[in-house]
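# A look at the structure
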Amino acid sequence: MTPVDIHDTDIEEATRRLRAKGEPFAIATVVRTLGLTAAKPGAKAVLRADGSLVQGWIGGGCVRSALARSARECLQAGGPQLISLHPSEVLAEKGVDAGEDHDGIRFARNGCPSKGSMDIFVEPILPLPELLIYGRSPVALALSKLAEGFQWAVQPAVAGSGLIPLPEGARRMVVVATQGQGDLDCLKAALDSKSEFIAFVGSRRKFAALSQRLQDSGVAARQLDQVRAPAGLAIDAVTPDEIALSILAELIQQRRRDSREAPQ
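Structural notes, computed from the coordinates. Predicted model, so just to flag it, every value in this text is computed and none were measured.

It is worth spelling out unusual backbone geometry at this point. In the segment running from Ala229 into Pro230, the intervening peptide bond is cis, with an omega of 0 degrees. When you line up the elements, Pro230 lands in the loop between strand S12 (227-228) and helix H8 (240-255). One non-glycine residue, Asp103, lies in the positive phi region at around 55 degrees. Note that Asp103 resides in the loop between strand S5 (101-102) and strand S6 (105-109). Although it is not a glycine, Asp236 adopts a positive phi angle of roughly 60 degrees. Within the secondary structure, Asp236 is located in the loop between S12 and H8. The exposed category is assigned to Asp236, whose relative accessible area is 74%.

In structure tokens form, the structure reads like this:
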């Protein structure tokens, strides 16, 4: 029986629990080993955002510190990392120092007496981005239905109701689609939601009028500047479903903004 057979069920259960709690975590998988190593290819471990081990096993203390550091970095950056652990003399032969990155590989020192080497792929698992939708308009309902199919945690929102604090590493975006029903109160609630992106469904003229009223009540102009109005990409949308599609496209654009390197 291999380490993969031993841990697969436990790994699956651990990831299910963390997902249900909305807690970010990382999955580490051994992809290659050279020489004597305790863990073999296919061995897995689940780690919390602080680098602590939840389930699985990849090696002893000589590996754990590098693995914990990688898990923390992956979850902070939101992207995977390939770490290559080697004893000091092998790193010297390669002409690299522990902690350096070369060609997408993070090198680290393996201090185990066995002097083996291993490559470990560390993948961050972040909570689904939260999408707060204010309003029960046709656009709001269409957006709610559409967004769930694109891996968003959709939450209907009501002005005046408290928001659950986001777990570390989670993201929140807001769309105000009230369309005449409580626009001002919901827009104010959206501004107070500590979201990375806020969009308002309505014309520029309507948003300008609401913005002036909010400024008169003490809301800073710089807060209002962060609101995208009108919501959605310019695709000449007309129907509620089309408008919802244009808004979702803009949300996806924001979500993926930092996931690709800028062209050289």
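Having seen the structure, we can now continue with the description.
Right, let's talk about the sheet that holds S5 for a bit. The strand order S3-S2-S1-S7-S4-S6-S5 describes an open sheet built from 7 strands, whose pairing is mixed. The open sheet terminates on both sides in strands that have one partner only, identified here as strand S3 (53-56) and S5. Bridge analysis of strand S2 (residues 44-48) against S3 gives 3 bridges, and the strand direction is antiparallel. Bridge pairing in S3 places Leu47 opposite Leu53. Contacts from helix H2 (residues 61-77) reach strand S1 (25-34), S2, S3, strand S4 (81-86), S6 and strand S7 (117-125), with the element oriented near 30 degrees to S7.

As judged from the 5 bridges shared by S4 and S6, these two strands associate in the parallel manner. Its bridge partner being in S6, Leu85 is matched across the sheet by Ala108. Across 2 bridges, the pairing between S5 and S6 is antiparallel. Directly across from His102, in S6, lies its bridge partner Ile105. Hairpin remark: S5 followed by S6, antiparallel, with 2 residues in the connecting loop; positive phi at Asp103, about 55 degrees.

Scoring rules and cut-offs
- Residues numbered from 1 in each chain as written.
- Predicted model: local features only at pLDDT ≥ 70, side-chain atom pairs only at ≥ 80, totals over all residues.
- Heavy atoms only, no water.
- Helix = DSSP H or I, 4+ residues; strand = E, 2+ residues; numbered from the N terminus.
- Buried < 20%, exposed > 50% of the residue type's maximum accessible area, 1.4 Å probe, protein only.
- Pairing = 2+ DSSP bridges.
- Contact = heavy atoms within 4.5 Å.
- Axes fitted to C-alpha atoms, helices over the stretch in contact; angles between N-to-C directions.

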